[in-house]
Amino acid sequence: MDDFATAADRLVLRAMSRIGETRNWPVSTYRVQLHSGFTFREAAAIVPYLAELSITHLYASPYLRAQTGSTHGYDVIDHGRLNPELGSEEDFQAMVTALRKHGMSHVLDIVPNHMGIGNNDNAWWNDVLQNGPASPYANFFDINWNPPHISDMAGRVLIPCLGSAYGEVLEKGELKLIFENDSFYVTYYDRRFPISPRTYNQILTADPPWPVNDIASQNLIQGIVADCEALPDRCHGADGTTERQAAIARIKNRLAAAVRDDAVRQRIDVSLHSLNGQIGDASSFDGLDRLLREQYFRLASWRTAPDEINYRRFFDVNNLASLTMERADVFEASHALVFQLLAKGYVTGLRVDHPDGLYDPKQYFARLQAHYVLAVAMDIAQADANFNRINRGALRSAVEKRLECNLPSSDRGPERWPLYVLGEKILAADENLPRGWATQGTSGYDVLNVINGIFVDAENGPAFAALYSKLTGVENSYEELTYKNKKLIMEIALASELHQLALRLHDVAQRSRLSIDITLSVLKDAIKETIACFGVYRTYIIEQAVDAPDRQAIETAIDLAMRRNPKVDPSVFHFLRGTLLLKFDDRLSADGRSAQRRFAGKFQQLTSPVTAKGVEDTTFYIYNRLLSLNEVGGEPSRFGCTPAAAHSFFQTHCRDWPRSMATLSTHDTKRSEDVRARLNMLSEIPGEWREHLKHWFALNARHRTMIDGQPAPDRNDEYAIYQTLLGGWPLEPYTAGEFAHFVERVQAAVLKGLRESKTHTAWTNHNVPYEKAVDRFINAVTSESEAEEFVKHFRPFQQRISRHGAIKSLSQAILKLTATGVADTYQGTEIFDFSFVDPDNRRTVDYDRRRSLLMHANQIFTLPANALETGPALKLAVHKVLLNIRRLHPLLFLEGDYIPLELTGEHSRDAFAFARSHGNLFLIVAVPRLTNRFDILNEHLPATNSAGWQDTRIILPAELGVAGIRDVFTGEQVVPKSIGKETVLVAAELFSTKPFSVCLKTP
């Protein structure tokens, strides 16, 4: 044991020891979406079911206090409280108790990047609106208090919440001044904005004049007016802020006392009536206009946001304001409750939402680890008198020394960190998670896209590209669409962010005589072009020592931008490159270097939302070649993933990020795993798919509507509709009501896609005729009346796709549960689930049905295929068996090696196989990959025709041997064959009774 010299060192050692003894990292997780319809109590109620399924950790969506009615929890308004809509403290404790009773814990999703500001209840934001730069929270939010491009915004924040232009809203009487709870507010429907106390005098002394006999009451008001006029606009430092807050409290207390005087209250009512104006008399609103112009906020039309907003948002969502999480005080204020939950053991891991929005993610993750140890240490200190006088600063230093938070950690694995932390990081196809982050990995989109790609026939990519272009007329490549749409986002949604970034770069340029002649306009274009060419979400450059991947990302983007813009002076791009890579001009002062660093940091915070909005939320809804590839973190231009590439990925992932998450569906995926599995089948039959499409386009021409000489839907949208129907069509049998609900869900998903694509309609400008025409089209083509021919032609093809899709669904589920990382199951997807993009994928889950199916899960592999409805139950049974194996042998999956297995024979490319090993323990996994050759008729327990596999074999590693291998589903012994010098498993035998094989060899 280390011989620590100080009490702080000894306490840290105690904390680390307790952390090690109580560490409960997940082996498997189950994600639930908490909201008013699924509360802490409902979550507690499913814990026995999850325990029987062998889940080790509940994985909960954010449950700190969010905006009223939130269905997701990402709009947190109070980091210091549990969300009351989810239940009381007792309800939360009931959930924790239920988890502990079943030997489980949970991982909590947290939101450090932003807060919800769309209602009246965010106390920090309200204080900022009331007090502006003098608010103690003024720098908690990422606000540019002096935007040079807007003349009247110094010391103010823009609130783009009005339905039309400010003047129109004002003169229609929609802005109302009110007095409530001893304070004045201006209201706009259900929104309420606090008036600054320094301007109360304008309200209290507004026309008409006081009656002569109200001298006493008038004196009360004049005293308050004097206090308001004495209130300073700004206070610097903690003492000044405290003094200002006390002065405001005095004003409100005196006002509360004064309004008990009937004359004063009547006078206030008269003033409010006067200031609120009379509709039809424009000049009557002059007083309210003058009052609002002196507030620390400016109410404006929502349409001003793209150009003039001066607070950083989550993407382009006006009601989510970003935090300056790089500040230590902001970090501590927003994480205090989370660390209490961690210190008490109520929570044992965190998933961090959108770390790319943070100024310095590496710093943030390091702080999480250090403050976790600090929280545990403080919890120990509270119960031990030997530490009750310990200095917090000394303790913090001891923690940092112990964790070596300030030292490079690229040579150490993620196991060294005390707290289990995942980052919701979207990685490009060839991008690696920074090894220096104090985290165990990502939330799993990298694994999702690799597994999904395995079941796409990559050889048919060119054929698919040709048929897609010919049938839809879409000629732009995916790369070209991405480039154009990222520029579009910077022009229509994030224009203000781009302009402010250009102003920062122009300021840097003006500080050196070598760059002083570069104009603002040219710099803005260079930034826009470079971001449009960026190949990753962002880089992470904070200091001059630039990592190779970051340097490569910037160099590549700059070079591509220069090639796309040969008429632009190359020196502009060279200047931008040097600034981003923190190559300092020797002539720059310390302030100039600081400005350059700040620009580089803010640039990195913009590339991520531009990519998310331009690619995932625009291009993914235009480039419809094969919709199963249009998934978060995916690159649709890559048509599938070869087995060799998948093996390489899994080997690296198991080595470098063994406790990262492996998932197939999330609350953010565009389509559920089972929808994607069905659509992946199309990749195997491009010719047949083309002929069906040609027939459907002709058959349904009568259902299109001509709008301005163009068909609605257009060919590209219609192409997407057919894929949506194929992927989501409900399993039979279904009732008329269930089918009608399915059609409504299709219409809602298609409508969201139309608006996201921004081609014919958009969220900001609805093209109602086009949207209604598409709705009518979907209704018409899904009609099951005798007069309609489409469904008669469509259903046999869909049923065939569904049968093959079921095998792909089961196979990819097995890979999720065995190949790498911590296996995550999104709520409800343990059985077949055919959900579309949110909010469809956040519907209520029928747990009664799943409990019932689970009762029969163990029998599925021993009963005849037709003995019970095994369609949904089969996927559940696969989860139950493999999750139990994970629970019994966690180190096999979290520390075991990944061994690619070679396949031989005529159809070797149609399967995928590997082994996991840990010591003398082996798991052998083999699943069908491409299934078009097989005639799959059984809808309940689909299996491939064993004769179709012919001479296909799986070669086993020599060290595995031949004895003691058993099928984990049936318990039957599996005997490999010796052929020549090789030990093999014969595919025809493995897949004869079920469409997958998982075998375990124990010592």
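This next bit is on the overall build of the protein chain. Broken down by element type, the protein chain carries 34 helices and 29 strands. A compact globule built from 1003 residues would reach a C-alpha radius of gyration of about 30 Å, and the protein chain, at 31 Å, matches this within 12%. Buried residues in the protein chain amount to 61% of all 1003 residues. Accessible area for the protein chain stands at about 38,800 Å²; split by element, carbon and sulfur atoms hold 49% of it. When the 110 positive and 122 negative side-chain charges of the protein chain are each reduced to one mean point, those points stand 3 Å apart.

Read across the sheet, 3 strands follow the order 6-13-12 without closing on themselves; strand pairing throughout is antiparallel. Strands at the two margins of the open sheet, each flanked by one partner only, are strand 6 (114–116) and strand 12 (313–314). Inspection of the sheet shows strand 12 paired to strand 13 (residues 317–322) by 2 bridges, in the antiparallel sense. In the sheet register, R313 faces strand 13, and the bridge partner there is A321.

Inspection of every chain in the model, using the stated rule, returns 61 salt bridges. Where R41 meets D91, a salt bridge forms, and the shortest distance between an N and an O atom there is 2.4 Å. Highlighted residues: R41 in helix 2 (residues 40–45) and D91 in helix 4 (residues 89–101), separated in sequence by 50 residues. Among the residues examined, R41 registers a relative accessible area of 45% and is labelled partly exposed. Note on D91: relative accessible area 16%, which makes it buried. Three or more residues joined by partner-sharing salt bridges are found here, namely R31, D109, R351, D353 and E424.

Once that is clear, we can look at helix 4. Between the first and last C-alpha of helix 4 there are 18 Å, a value that for 13 residues agrees with the 18 Å anticipated at 1.5 Å per step. The complete set of buried residues in helix 4 reads D91, F92, M95, V96, A98 and L99. Angular distribution of buried residues about the axis of helix 4 spans 160 degrees; they occupy a single face of the element. Structural note: helix 4 exposes E90 and K101 on the side pointing more than 90 degrees away from its buried face. Each element contacted by the buried residues of helix 4 is listed here: helix 2, helix 3 (47–52), strand 2 (57–60), strand 4 (76–82), strand 5 (105–110) and helix 13 (328–343). At the exit of helix 4 stands G103, carrying a positive phi of roughly 70 degrees.

Interhelical geometry of helix 18 (residues 478–492) versus helix 20 (residues 520–532) gives an angle of 135 degrees and a closest axis separation of 8 Å. With respect to helix 20, the element helix 18 is oriented oblique. Helix 20 is crossed by helix 18, and the crossing has right-handed handedness. Contact with helix 18, carried on its side by Y483, K486, K487, M490 and E491, involves K528, E529, I531 and A532 of helix 20 and no other residues of that element. Its residues assigned to classes, the contact of helix 18 with helix 20 shows 4 nonpolar, no polar and 5 charged.

Turning our eyes to something else, we now look at the environment of Y372. Along the chain, Y372 turns up in helix 14 (residues 361–383). Using a relative accessible area of 10% as the deciding quantity, one classes Y372 as buried. Separated by 334 residues in the primary sequence, Y372 and F38 place their C-alpha atoms 29 Å from one another. Y372 has contacts with I19, F339, L342, P418 and L419, leaving out every residue within four places of it along the chain.

Here we come to the state of the cysteines. Applying the stated criterion across every chain yields a total of 0 disulfides. Its sulfur unpaired, C999 is 19 Å from the next cysteine sulfur, which belongs to C654.

In this section: unusual backbone geometry. Residues E732 and P733 are joined by a peptide bond in cis, for which omega reads 5 degrees. Topologically, P733 is positioned in the loop between helix 27 (715–728) and helix 28 (736–757). Positive phi values are uncommon outside glycine, yet L582 reaches one of about 55 degrees. Along the polypeptide, L582 turns up in the loop between helix 22 (570–580) and helix 23 (590–616). We note that K758 has phi near 60 degrees; this positive angle belongs to a residue other than glycine. On the secondary structure map, K758 appears in the loop between helix 28 and helix 29 (768–781). Relative accessible area serves as the criterion here: at 24%, K758 is assigned to the partly exposed category.

Within the secondary structure, S334 sits in helix 13. Here the side chain of S334 touches F331 through a polar contact of 3.3 Å, landing on its backbone oxygen. With residues up to four places along the chain from it excluded, the contact list for S334 reads H79, W124 and M325.

Right, let's get into helix 21 (residues 548–564). An ideal rise of 1.5 Å per residue puts 24 Å on 17 residues; helix 21 measures up with 24 Å between its terminal C-alpha atoms. Among the residues of helix 21, those classed as buried are D550, A553, I554, A557, I558 and A561. One side of helix 21 holds all its buried residues, which, seen down the axis, span an arc of 120 degrees. Away from its buried face by more than 90 degrees, helix 21 exposes A548, P549, Q552 and R563.

Turning our attention to the packing of aromatic side chains. This model, assessed by the stated rule, comprises 52 aromatic pairs. Residues Y188 and Y189 carry aromatic rings whose centres are separated by 4.9 Å and whose planes lie at 75 degrees to one another, so their mutual orientation is edge-to-face. The exposure class assigned to Y189 is exposed, which follows from its relative accessible area of 61%. Where Y468 meets Y719, the ring centres are 5.1 Å apart and the plane angle is 50 degrees; that geometry is what we call tilted. One end of the pair, Y468, is in helix 17 (residues 461–472); the other, Y719, is in helix 27, and 251 residues separate them in sequence.

Below, the discussion takes up the confidence of the model for the protein chain. Detailed reading of predicted coordinates is not advised where the pLDDT is low. On average, the protein chain scores 92 in pLDDT, and the residues at 70 or more come to 95%. Between residues 406–412, whose pLDDT stays under 50, and residues either more than four places distant or in other chains, the model counts 8 contacts. Across residues 865–869, confidence stays below pLDDT 50; counting only partners more than four residues off in sequence or on other chains, it has 8 contacts.

All chains considered together, the criterion is met by 8 cavities of 30 Å³ or more. In this structure, the largest cavity spans a volume of roughly 230 Å³. Residue lining of the largest cavity: 17 residues in total, with Y621, R671, A749, V750 and G753 positioned closest to the centre. Broken down by secondary-structure element, the contributors of at least two residues to the lining of the largest cavity are helix 27 and helix 28. When the residues that make up the lining of the largest cavity are grouped by side-chain class, the tally is 10 nonpolar, 4 polar and 3 charged. Here the second largest cavity is characterised by a volume of approximately 60 Å³.

Let us now look at the pairing of strand 5. Among the 6 residues that make up strand 5, 6 are buried, leaving the element largely enclosed by the rest of the structure. Residues S105, V107 and D109 of strand 5 are buried on one face, and the alternating residues H106, L108 and I110, pointing to the opposite face, are buried as well. Strand direction decides the pairing type here: strand 5 and strand 14 (residues 349–352), joined by 4 bridges, are parallel. Within the sheet, the bridge partner assigned to I110 lies in strand 14 and is V352.

Now for the nonpolar core. Formed by 240 residues in total, the largest nonpolar core has its most connected members in Y63, W125, F141, L175, F184 and W689. Looking at this core element by element, the count peaks at 12 residues for helix 14. Each residue touching F141, except ones within four places of it in the same chain, is listed here: M115, N122, W124, W125, V128, A321, S322, L323 and T324. Core analysis: the next-biggest nonpolar cluster, separate from the first, contains 42 residues, Y483, C533, F573 and F575 among them.

Attention now moves to the packing of helix 19 (residues 495–509) against helix 23. Between two packed helices, what matters for the description is the angle formed by their axes and the separation of those axes. Relative to each other, helix 19 and helix 23 sit at 160 degrees, their axes nearing to 9 Å. By the criterion of interaxial angle, the relationship of helix 19 to helix 23 is roughly antiparallel. Both helix 19 and helix 23 take part in a crossing whose hand is left-handed. Of helix 23, the residues touching helix 19 (which contributes E497, L498, L501, R504, L505, D507 and V508) are A595, Q596, R598, F599, K602, F603 and L606.

What counts and how
- Residues numbered from 1 in each chain as written.
- Predicted model: local features only at pLDDT ≥ 70, side-chain atom pairs only at ≥ 80, totals over all residues.
- Heavy atoms only, no water.
- Helix = DSSP H or I, 4+ residues; strand = E, 2+ residues; numbered from the N terminus.
- Rg over C-alpha atoms; globule rule 2.2 N^0.38 Å.
- Buried < 20%, exposed > 50% of the residue type's maximum accessible area, 1.4 Å probe, protein only.
- Areas by Shrake-Rupley, 256 points an atom, 1.4 Å probe, with all protein chains shown as cover.
- Lys, Arg positive; Asp, Glu negative; His and termini not counted.
- Charge placed at Lys NZ, Arg CZ, Asp CG, Glu CD.
- Pairing = 2+ DSSP bridges.
- Salt bridge = Lys/Arg side-chain N within 4 Å of Asp/Glu carboxyl O.
- Expected span 1.5 Å × (residues − 1).
- Arc of directions from axis to C-beta.
- Contact = heavy atoms within 4.5 Å.
- Axes fitted to C-alpha atoms, helices over the stretch in contact; angles between N-to-C directions.
- Parallel < 35°, antiparallel > 145°, perpendicular 65-115°, else oblique.
- Left-handed = near helix turned anticlockwise from the far one by under 90°.
- Nonpolar A, V, L, I, M, F, W, Y, C, P; charged D, E, K, R; others polar.
- Disulfide = S-S within 2.5 Å.
- Polar contact = N/O pair within 3.5 Å; in protein donor to acceptor, adjacent residues only side chain to side chain.
- Phe/Tyr/Trp six-rings, centres within 6.5 Å; stacked < 30°, edge-to-face > 60°.
- pLDDT = per-residue confidence, 0-100.
- 1 Å grid on protein atoms, 1.4 Å probe; cavity = no way out; pocket = protein on both sides within 12 Å on 5 of 7 lines; lining within 4 Å.
- Points joined across faces, edges and corners; volume = space filled by probe spheres on them.
- Core = buried A, V, L, I, M, F, W, Y, C linked by side-chain atoms within 4.5 Å.

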